[in-house]
Amino acid sequence: WDALVDLAAYPTWNPFTVAVRGGLRVGSPVDLFVSFDGRRPLRQREWVNRVEAGRVLCWGTRMGPAWALTANRWQWVEPLGADRCRYRTTDRFSGWLVPLVFAFYGPAMERAFTAMARALAREVERRGGDACWSGCWAGSGGSRSPGCAGLCGSGSRLGGFMPWLPLRLCSA
């Protein structure tokens, strides 16, 4: 959790959200600078929707009215025992522009979310924790990565469900 909410440190470890301006107060804007496949970062203004210390972080945005496109990035840290937890993330989309988002950005988002989850595991290890990465993709076709062992929900091209990457992060 500490690595996830340390927004100032994102430039040092996060290959997808390479910088963040703003805080984690519900209702406040946060500017995310996102880089797909190492390209020049793009500023994306989102709003903090939910923060449950140690457990849930959610921010989201709209493109036009809610019926056009709404996206919410959910990130969870789930306790699995005294010194273990699991990180999960998903981007939930709704609105009539969802098929276009999937068509243009689906594969790039899959790569970006996977890279971010792996980088988060490395950052947790750097901070003295023990991180075991286990990722899968349940995106536009509902396909599952090998070794997923049923951890992913099924995706739907029009259903607005994007990556669900479980990542076990174990603190020392």
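A brief look at the structure comes next. (Residues numbered from 1 in each chain as written. Predicted model: local features only at pLDDT ≥ 70, side-chain atom pairs only at ≥ 80, totals over all residues. Heavy atoms only, no water.)

Describing the pattern of salt bridges
Test applied: Salt bridge, as used here, is a side-chain nitrogen of Lys or Arg placed within 4 Å of a carboxyl oxygen of Asp or Glu. The helix and strand labels rest on DSSP assignments: H or I over at least four residues marks a helix, E over at least two residues marks a strand, and numbering proceeds from the N terminus. Burial status follows relative accessibility: with a 1.4 Å probe on protein chains alone, a residue under 20% of its type maximum counts as buried, one over 50% as exposed, and anything between as partly exposed.
Using the criterion set out here, one finds eight salt bridges in the structure. The salt bridge partner of Asp31 is Arg45, with a shortest N-O separation of 2.8 Å. Placement of the pair is Asp31 in strand E2 (residues 29–34) and Arg45 in strand E3 (residues 42–52), with a sequence separation of 14 residues. With relative accessibility at 11%, the residue Asp31 sits in the buried group. By relative accessible area, Arg45 is classed as partly exposed at 37%. Between Arg111 and Asp37 there is a salt bridge, and its shortest N-O distance comes to 2.7 Å. One end of the pair, Arg111, is in helix H3 (residues 98–126); the other, Asp37, is in the loop between E2 and E3, and 74 residues separate them in sequence. Accessibility expressed as a relative area gives 43% for Arg111, which makes it partly exposed.

Here's the deal with the side chain of Asn72
Formally: Under the rule applied, a polar contact is a pair of N or O atoms within 3.5 Å (in protein, one hydrogen donor and one hydrogen acceptor; residues adjacent in sequence only if both atoms are side-chain atoms). Throughout, a contact is declared for two residues whenever any of their heavy atoms are within 4.5 Å.
Within the secondary structure, Asn72 sits in strand E5 (residues 70–81). Here Asn72 falls in the buried class, since its relative accessible area comes to 19%. A distance of 2.5 Å separates a polar atom in the side chain of Asn72 from a polar atom in the side chain of Asn49. Beyond its immediate sequence surroundings of up to four residues, Asn72 is in contact with Asn49, Cys58, Trp59, Gly60, Thr90, Asp91 and Arg92.

Description of unusual backbone geometry
One non-glycine residue with positive phi stands out, namely Asp37, at about 55°. We classify Asp37 as partly exposed; its relative accessible area is 41%.

Observations concerning H3
The condition that has to hold: How far a helix is expected to stretch is found by multiplying one less than its residue total by 1.5 Å. Note that bend, as reported per residue, equals the angle between axes fitted to the 7 residues terminating at that residue and the 7 residues originating from it.
Between the first and last C-alpha of H3 there are merely 37 Å, a value that for 29 residues lags more than 12% behind the 42 Å anticipated at 1.5 Å per step. Its axis deflected by about 65° at Tyr105, H3 carries its strongest bend there, up to four residues before the proline Pro107. Looking one or two residues beyond H3, the residue adopting positive phi is Gly128, at roughly 105°.

Looking at the packing of aromatic side chains
Which entries qualify depends on this criterion: Aromatic pairing here means that ring centres of Phe, Tyr or Trp (its six-membered ring) are within 6.5 Å. Orientation follows from the plane angle: under 30 degrees is stacked, over 60 is edge-to-face, and everything else is tilted. A positively charged side chain is recorded as over a ring if its NZ (Lys) or CZ (Arg) lies within 6 Å of the ring centre. The angle to the ring normal must also be within 35 degrees.
Applying the stated criterion across every chain yields a total of seven aromatic pairs. Their ring planes at 20° and their centres at 6.3 Å tell us that Trp67 and Trp96 sit as a pair that is stacked. Residue Trp67 is located in the loop between strand E4 (56–62) and E5, and its partner Trp96 is located in the loop between strand E6 (84–94) and H3; the two are separated by 29 residues in the primary sequence. Each member of the pair, Trp67 as well as Trp96, is classed as exposed. Consider the rings of Trp74 and Trp76, whose centres lie 5.8 Å apart with planes at 10°: the pair is stacked. Under the relative-accessibility criterion, Trp76 is labelled buried at 15%. Through a chain of ring-to-ring contacts, three or more aromatic side chains come together here, namely Phe16, Phe36, Tyr105 and Phe113. For Arg73, the ring lying beneath its charged end belongs to Phe113, and the centroid distance is 4.1 Å. Sitting above the plane of the Trp76 ring, Arg88 keeps its charged end 4.4 Å from the centroid.

A look at the nonpolar core
Threshold: Take the buried Ala, Val, Leu, Ile, Met, Phe, Trp, Tyr and Cys residues and link them wherever side-chain atoms come within 4.5 Å; each set so joined is a nonpolar core.
Core analysis: the largest hydrophobic core is formed by 35 residues, its most contacted members being Leu4, Tyr10, Trp13, Phe16, Phe36, Trp59 and Phe93. Among the elements of the structure, helix H1 (2–5), helix H2 (10–13), E2, E4, E5, E6 and H3 are those that each provide at least two residues to this core. For this core, the leading source of residues is H3, giving twelve residues. Look past the residues within four positions of Phe16 in its chain and what remains in contact with it is Phe33, Val34, Ser35, Phe36, Arg73, Ala112, Phe113 and Met116.

A short note on the environment of Ala53
Secondary-structure assignment places Ala53 in the loop between E3 and E4. Note on Ala53: relative accessible area 71%, which makes it exposed. For the pair Ala53 and Trp1, spaced 52 residues apart in sequence, the C-alpha to C-alpha distance is 8.2 Å.

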